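Residues per chain are reported as follows:
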Amino acid sequence: MSSSQLSAASRSSVFPQGPSFTLEDFSSRDFIVKEFIEALSDSAICNRRSTIGPATGNQPFDPKPLIRTFEHAQRRLGELSGDLEIRENELSAAVRRAEAQHSQNLNTLGKKLKQAIESFQQLDTSLHSTGLPGGDYNGAMGNMAVETGRKLEELDRQRRRALDAHFLLECWDGVSNRGEITLLENLRRSGSGEAKVRSAQIARQLLRISQRLDSKSWSESGGRNNGSYKNGSASPNGNAVDGNSGFRFNTREIIEKFSETLEKDLLKQFDDFYRKANFEGMKDCATVLQDFNSGASVVALFVNQHQFFIDRSQLVTEEVGGDPESWDKLADPDAEPLKVEPSLQSLIDEVRVVVQEESAIIKRAFPYYEQVLGKFLQRVFQQSIQQRLEMVLEKANSVSSLAFLRSLQSSRSSVSTLVDELKAHGLTEHPDAISSQTSLVLDQQLEDLFVPYFVGSSYIEREKKTLEELYTSLLFKFATFHSRRKKAATTFISSLSKSSSELLASAREAYMSRLESSEVSHTQKRVLLQVADLKESNDVPKPNDVKFTEEDGQPSVAYAKRMLKWLAEAVGRGLELSVNSETPKDMLALLNLLLFAMGEGYIEVCLDAALEAAVAQESGKAEPDFAYLPAVRVSISIANLMVMCINTLLIPLAAASVTVRREMEKKTNLTIVRIEEKINTIEQKFIDITLMWVNKLLAGQKKNDFRPKEGDSTAWLEKLQTPTCASICAFLTRAHNIAVMSLPSGGANLRQVLTEIALGTRASLLEHFKRFVVNGPGGLMVTKDMTQYADILKSWDIDEQIKGPSGAMDVLLEVGSLFVIGPEALRERVYGTGSSSGGRSGNNAATTSGRGAGGAGHVEAGLTAQEVRAYVFRREDSNTTAMQHVLNVL
């Protein structure tokens, strides 16, 4: 109660009254005990002042008004407390009644729920009890419920189909009779994706209906001329005609216009969503357009409007640049192949990033994302990469054929790496493995990019042509040198009719005319001339200025290594680029080229030249010049390199085809056999020429070399050997050194050649000394010569059985001793070693008993009795009695 209320109450009565308040005053949210007490005190003080009057100084405190006020308030609070208790008791009783009612309701509801559950269980049991004994009735009930459910579903479908048909008929009625398509427009403008899908479906159905019921609108003229409709003419807007039967509308054109409008609207909406990165909206539009026209238009919009293709369409016309030095290195066969062309590599790097980023967008924006990704990849490969690849390869082809092949290899490797990285990324399936469909698309695009360069045998033919050009350039001087040799060796008249300089000029002109053709670029021409170690034609005023040396006609292992290196590069490039099934045929083609260029055109030409030089020295007019022989060793080394390359590189790669491999082995063996036969022929010529010259030197032996006069005996004895022996030893030493230097030391050829020469020289010496009469001092000279011969031949690396103790070379020493020992010593030697009659019966028992089982018919380290008799008979003292006795014994 406020103070104003208290003062008003005091004025209304003569006697002051206590404060008045109810339960509502205490139930208010604004009730505060302090303020309530202060209000009671204020009302008591105001009543006191009103009764006493104005204050006259300090009045004593009078507590009675306060006491009466608080006592009244206390009595009032007691009354309110009693009222409150009564109300609390009433509410408590109402609560107890409500709780009892609630408990009763719960029990009732629980019983009802239990009954419902039991009923449901009985129904469920009846539905599933067809297979239980005694459950026929329940099973019938279950089957009936299932059948009822099916019928309800069928009726619902029929109802929906009826509604759709009704709506379709309404739309057709509006199109055919009123020329409007309002219902579809309203459905399209409803905004929901399902409504747009349904409008697209109905539009397609309307087109089929129009095609069946309004065939005139589907005529070739499209219903826009007077002959399209019977008894009618075209309306001004082209959509209807006015005939005797009233208006008839061009339903096809109306529906198609609506379809175009719907498609344009969806495409525009899709483009807006794409620019706002609203992937859900893009997906809704794509779904509608997929149902409308299989999504071709929206995919084309997405791909064509992509910023990557817009930017690249401006850059694709740029010419392929690059450093000229890099292109020169690419055309140089001895330089290491460079990486892919920079602009193409930049494009590939950009494609890698763009495809990975766009694959995530495609998956979120399209329900059929794999199809869209496939179209996007096709556009990337077939437009951007293919156009740039063609420009790069065209530029490389204008540089040289080798530059083209190297660019093709590097480009294929880079694009293949791109495909592998995209597969590893997963694209729309990232971070999972890429789908098989997308993987097939990538493989197909990679194959389609390079198919034009591998049609038929075009690739291997280009490889062969490139290698042929390089081989021809490298062996140009060599081939020209030997062609001059062959032409000059025909007849004397032909050699006079065409001089060597003319041959050189004609060969160079033929080679230069081929390089001057339009097919050969300036860079390729310069590279080929550089390989051929020639200057460009502009720098050479006359072909006669080209100088050839003997070294140009000699084989070179360095040249062979370069040829094999070029071949190995071509093989590696072919394995990376060509189809695996064609590898055996490609290896056969390269083998034929190698056997022709290196086998026939290089090794066999060298061997033929060496053989001709050897044959030319058979006349024996001058001392043999074995300068042709070192070329044999180089030819053998080149042949070994060629065979090693064939056996380790070419033939194993043709293992997939047994027929091709056998053919390659057959051709290789034929070439090897020809080379070995020519090498054997040259070695045999070397042996024959060496022995021929030894015989010629022996023929120049003077008769008095072993029969000096008595006055010359002292000076003669001081000589270590005869002049003929000195010449033969010097010649044999030179022949031996050349043979060691020219023939491989690791094989048996060198030992066999030296053994043949040693045995042939031994035979010539044995026959040679049967023709000279030897006196006493001459016998000493024979011994010296034989010792020199034996020492020379035994110092060679020949068969140990020939040069060892009691070998064939010791016969020379024994022959020399036959001319110096006396009759008695000769008789003792004959009797001591035994002798052979050589088929002649002897009367001497010692002779017969002296035959050995292992040396029948031989004495003195392999000499027969007839040979000993022939040497002894050439002694000047053979007519003496003692020597005749020895001769009779022999």
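Refer to the preceding data block for the structure.
Residues numbered from 1 in each chain as written. Predicted model: local features only at pLDDT ≥ 70, side-chain atom pairs only at ≥ 80, totals over all residues. Heavy atoms only, no water.

Novice: Hey, could you go over the overall build of the protein chain for me, with residue numbers and the actual values?
Specialist: Scanning the protein chain for helices and strands turns up 35 helices and 5 strands. Across the 890 residues of the protein chain, 41% fall into the buried class. For the protein chain, restricting intrachain contacts to residue pairs at least 6 apart in sequence, the fraction spanning at least 24 positions comes to 73%. Total accessible area on the protein chain stands at roughly 48,500 Å², and carbon and sulfur atoms take up 53% of it. (Helix = DSSP H or I, 4+ residues; strand = E, 2+ residues; numbered from the N terminus. Buried < 20%, exposed > 50% of the residue type's maximum accessible area, 1.4 Å probe, protein only. Contact = heavy atoms within 4.5 Å. Areas by Shrake-Rupley, 256 points an atom, 1.4 Å probe, with all protein chains shown as cover.)

Novice: Break down the nonpolar core for me, citing the residues and quoting the values.
Specialist: Formed by 194 residues in total, the largest nonpolar core has its most connected members in F366, F381 and Y789. For this core, the element with the highest residue contribution is helix 23 (residues 583-616), accounting for 17 residues. Contact partners of F366, with chain neighbours within four places excluded, come to F270, K283, A286, V298, F302 and V372. In terms of nonpolar packing, the next biggest core, distinct from the first, is built from 5 residues, F21, F36, A73 and L80 among them. (Core = buried A, V, L, I, M, F, W, Y, C linked by side-chain atoms within 4.5 Å.)

Novice: Describe helix 16 (residues 436-450), listing the residues and the values that go with them.
Specialist: The α-helix advances 3.6 residues per turn, and as a result positions three or four apart in sequence lie on the same side. Over its 15 residues, helix 16 runs 22 Å from end to end, which matches the ideal 21 Å to within 8%, given 1.5 Å per residue. Turning to helix 16, its buried residues are T438, S439, V441, L442, Q445, L446, L449 and F450. Burial along helix 16 is one-sided: seen end-on, the buried residues are contained in an arc of 160°. In helix 16, the exposed positions that point more than 90 degrees away from the buried face belong to S436 and L440. Considering only its buried residues, helix 16 is in contact with helix 14 (369-399) and helix 15 (401-425). (Expected span 1.5 Å × (residues − 1). Arc of directions from axis to C-beta.)

Novice: For the pattern of salt bridges, give the residues involved together with the corresponding values.
Specialist: In this structure the tally under the stated criterion is 32 salt bridges. Ionic pairing is found between E663 and K667, a salt bridge with its closest N-O pair at 3.6 Å. Placement of both E663 and K667 in helix 25 (residues 658-699) is noted, with a separation of 4 residues, approximately one turn of the helix. For E663, a relative accessible area of 33% gives the class partly exposed. (Salt bridge = Lys/Arg side-chain N within 4 Å of Asp/Glu carboxyl O.)

Novice: Let's hear about a nonpolar patch on the surface: which residues, and what values?
Specialist: Side chains of V33, I37 and F70 sit close together on the surface and give an oily, nonpolar patch of about 240 Å² of accessible area. Within the secondary structure, V33 is located in helix 3 (residues 33-52). Residue classification places V33 among the exposed residues on the basis of a relative accessible area of 54%. (Patch = residues over 30% accessible without salt bridge, like charges linked within 9 Å, V, L, I, M, F, W, Y side chains within 5 Å.)

Novice: Run through the environment of K685, naming residues and quoting values.
Specialist: Residue position: K685 is located in helix 25. Along the backbone, K685 and L611 are 74 residues apart, and their C-alpha atoms lie at a distance of 7.8 Å. The contact partners of K685, leaving out residues within four places of it in the chain, are L611, A614, V615 and E618. Engagement of the side chain of K685 in a polar contact is seen with the side chain of E618, the distance being 2.5 Å. (Polar contact = N/O pair within 3.5 Å; in protein donor to acceptor, adjacent residues only side chain to side chain.)

Novice: Describe the packing of aromatic side chains, and please don't skip the residues or the numbers.
Specialist: Scanning all chains against the criterion turns up 19 aromatic pairs. Ring centres of F31 and F36 lie 5.9 Å apart, and the angle between their planes is 55°; this geometry places the pair in the tilted category. Overall, the relative accessible area of 29% leaves F31 in the partly exposed class. Judged by relative accessible area, F36 falls into the buried class, the value being 12%. Taken together, F270, Y274, F302, F366, Y368 and F376 form an aromatic cluster joined through their ring pairs. (Phe/Tyr/Trp six-rings, centres within 6.5 Å; stacked < 30°, edge-to-face > 60°.)

Novice: Residues and numbers for the packing of helix 10 (residues 296-304) against helix 14, please.
Specialist: In contact at an axis separation of 10 Å, helix 10 and helix 14 are set at 45° when each is read in the N-to-C sense. Relative to helix 14, the element helix 10 lies oblique. Here helix 10 and helix 14 pass one another in a crossing that is right-handed. Every residue of helix 14 that contacts helix 10 at V299, F302, V303 and N304 is listed here: V372, K375, F376 and R379. (Axes fitted to C-alpha atoms, helices over the stretch in contact; angles between N-to-C directions. Parallel < 35°, antiparallel > 145°, perpendicular 65-115°, else oblique. Left-handed = near helix turned anticlockwise from the far one by under 90°.)

Novice: Any details on the side chain of K803? Residues and values, ideally.
Specialist: Relative to the helices and strands, K803 is located in helix 30 (residues 800-803). Of note is the side chain of K803, whose polar atom sits 3.0 Å from the backbone oxygen of W796. If near-sequence neighbours (up to four positions away) are discounted, K803 is found in contact with K794, W796, D797, I798 and M809.

Novice: Lay out the side chain of K464 in plain terms, naming residues and giving numbers.
Specialist: Mapped onto the elements of the fold, K464 is located in helix 17 (residues 458-474). Look at K464: it is buried, it has no salt bridge, and the nearest opposite charge is E461 at 4.2 Å. Contact partners of K464, with chain neighbours within four places excluded, come to A589, L590 and L593. (Lys, Arg positive; Asp, Glu negative; His and termini not counted.)

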